[in-house]
Amino acid sequence: MNKWKSGIMGVVIGDALGCPVQFESREEVSKHPVTGMRGFGTFNLPAGSWTDDSSLTLALLESIRRTGTIDYKDIMDNFVKWLDDGAFTPYGYSYDIGRGTINAIHRYKRYHKPLKAGNIDERSNGNGSLMRIMPAVLYCIQHHLSDSEAIDIIHKVGSLTHAHIRSNIACGLYYFMTSAILNEEGSLTNRLQAGLDKGFAFYEAYLADHENLEYYDRLRNLDSFGDLPEDSIRSTGYVVDTLESAVWSLVNTDSFADALLKAVNLGYDTDTVGAVCGGLAALYYGYDAIPQDWLAALQRLDWIESLCTDGNV
């Protein structure tokens, strides 16, 4: 399996599925549930359109592929090209821009210090780093880095825009779950649990203060977490809610399509919940599990796939 192609395409497909109903409440979405790729809706765009989640994921991926490494300045330069010039977008202009992300990019443009650009206050724990972290995760796994080395990179890549430790932890737990999907045996839930067990153990040793880790405590036991009713799952743009919504959708389904449809039909921040869920789902179920009609509808499909297969890793 080409893990780059699977993981990245899963992110973009999930984003595009959620794009037309982004910001709609769960009740509103339930009146016209998402069943596949469709157009218009929130941003009045054609079917298969994707948002900032994919644009920033692809900007990060392109930097890694071209440089063969993690170059924080180069990554931020790509983010500037996205914001200012519409690079890495479906239609040549940027849209659906998160406040934390735009503030960090403007700070970088002013001071040219990529690792000082991210937002550090507690109120800046939106999902803007988690939504684009997959290429950095795959880079660390590809290069067989130790968990400590990987987390150092993942925290720094996340901190380019969202530097609070709570957002860092979400990206780190995503790394541990991705690694377990690729390296463990058993069901998806068992692999996710193995990754989370390792992630929680890592952070318990890594962090002097566990206060921010405790926000993720519902993910410690996926059997009980998966049994939670839908109305206890909050699919907002808050990073903890996004990670929970994605994992809950994965453990309550048994196919790629069902996982993503459950995720985006939760409403609210549908594109990001879909993207975060989609990356993990595609790595487990495989690229071939993505419905062909969903792929066929995706804007700039050939270009995206070329990024996943060409260049350095």
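Residues numbered from 1 in each chain as written. Predicted model: local features only at pLDDT ≥ 70, side-chain atom pairs only at ≥ 80, totals over all residues. Heavy atoms only, no water.

## Overview of unusual backbone geometry
Then step 1. You will see that His 112, though not glycine, has its phi angle at about 60°, which is positive.
Then step 2. By the secondary structure assignment, His 112 is in the loop between α5 (99-111) and α6 (134-142).
Then step 3. Residue classification places His 112 among the exposed positions, given a relative accessible area of 54%.
Then step 4. In this model, Arg 300 sits at a positive phi of 60°, which is unusual for a non-glycine residue. (Helix = DSSP H or I, 4+ residues; strand = E, 2+ residues; numbered from the N terminus. Buried < 20%, exposed > 50% of the residue type's maximum accessible area, 1.4 Å probe, protein only.)

## Here we look at the pattern of salt bridges
Then step 1. Applying the stated criterion across every chain, the model contains 11 salt bridges.
Then step 2. We note a salt bridge from Glu 62 to Arg 66, for which the minimum N-O separation is 2.8 Å. With a gap of four residues between them, Glu 62 and Arg 66 both fall in helix α3 (residues 52-67), about one helical turn apart.
Then step 3. Owing to a relative accessible area of 17%, Glu 62 belongs among the buried residues under this scheme.
Then step 4. In this structure, the salt-bridge partner of Glu 122 is Arg 166, at a minimum N-O distance of 2.6 Å. Taken as a pair, Glu 122 in the loop between α5 and α6 and Arg 166 in helix α8 (residues 165-183) lie far apart in primary sequence, 44 residues in all.
Then step 5. Look at the salt bridges and you will find they share partners, linking Glu 62, Arg 66 and Asp 74 into a network. (Salt bridge = Lys/Arg side-chain N within 4 Å of Asp/Glu carboxyl O.)

## Side note on the nonpolar core
Then step 1. Counting 102 residues, the largest nonpolar core has Ile 13, Tyr 174, Tyr 216, Leu 243 and Leu 298 as the members making the most contacts within it.
Then step 2. The greatest single-element share of this core, amounting to nine residues, is contributed by α8.
Then step 3. Apart from residues no more than four positions distant in its own chain, Leu 298 is found in contact with Met 9, Val 12, Ile 13, Ala 16, Met 37, Gly 48, Trp 50 and Ile 304. (Core = buried A, V, L, I, M, F, W, Y, C linked by side-chain atoms within 4.5 Å. Contact = heavy atoms within 4.5 Å.)

## Some remarks on the side chain of Asp 52
Then step 1. Turning to its location among the elements, Asp 52 is positioned in helix α3.
Then step 2. Despite its burial, Asp 52 pairs with no opposite charge; the closest candidate is Arg 132, at 8.8 Å N-O.
Then step 3. Setting aside residues no more than four positions away along its own chain, Asp 52 makes contact with Trp 82, Tyr 95, Asp 96, Ile 97, Gly 98, Met 131 and Asp 271. (Lys, Arg positive; Asp, Glu negative; His and termini not counted.)

## A few points about the packing of aromatic side chains
Then step 1. Evaluation of the coordinates by the stated rule reveals 12 aromatic pairs.
Then step 2. Measuring from ring centre to ring centre gives 6.5 Å for Trp 50 and Trp 303, while their planes differ by 15°; the resulting arrangement is stacked. Here the residue Trp 50 occupies a position in the loop between α2 (26-31) and α3, and Trp 303 occupies one in helix α15 (residues 301-309), the gap between them amounting to 253 residues.
Then step 3. For Trp 303, a relative accessible area of 24% corresponds to the partly exposed category.
Then step 4. On the numbers, 6.4 Å between centres and 50° between planes, the contact of Phe 256 with Trp 294 is tilted. Placement of Phe 256 in helix α12 (residues 256-264) and of Trp 294 in helix α14 (residues 292-297) is noted, with a sequence separation of 38 residues between them. Here Phe 256 and Trp 294 have matching classes, each one buried.
Then step 5. Aromatic rings pair up to connect Tyr 175, Phe 176, Phe 202, Tyr 203 and Tyr 206 into one cluster.
Then step 6. The cationic tip of Arg 65 hangs over the ring face of Trp 4; the distance from NZ or CZ to the ring centre is 4.6 Å.
Then step 7. When the ring centre of Tyr 215 is taken as origin, the NZ or CZ atom of Arg 166, which lies over that ring, is 3.7 Å away. (Phe/Tyr/Trp six-rings, centres within 6.5 Å; stacked < 30°, edge-to-face > 60°. Lys NZ or Arg CZ within 6 Å of the ring centre and 35° of its normal.)

## Some points on the packing of α6 against α8
Then step 1. The interhelical angle for the contact between α6 and α8, taken along N-to-C directions, is 55°, at an axis separation of 10 Å. As judged from the angle between their axes, α6 and α8 are oblique. Seen along the crossing, α6 lies across α8 with a hand that is right-handed. Facing α6, whose interface residues are Met 134, Val 137, Leu 138, Cys 140 and Ile 141, α8 presents Tyr 174, Tyr 175, Thr 178, Ser 179 and Leu 182. (Axes fitted to C-alpha atoms, helices over the stretch in contact; angles between N-to-C directions. Parallel < 35°, antiparallel > 145°, perpendicular 65-115°, else oblique. Left-handed = near helix turned anticlockwise from the far one by under 90°.)

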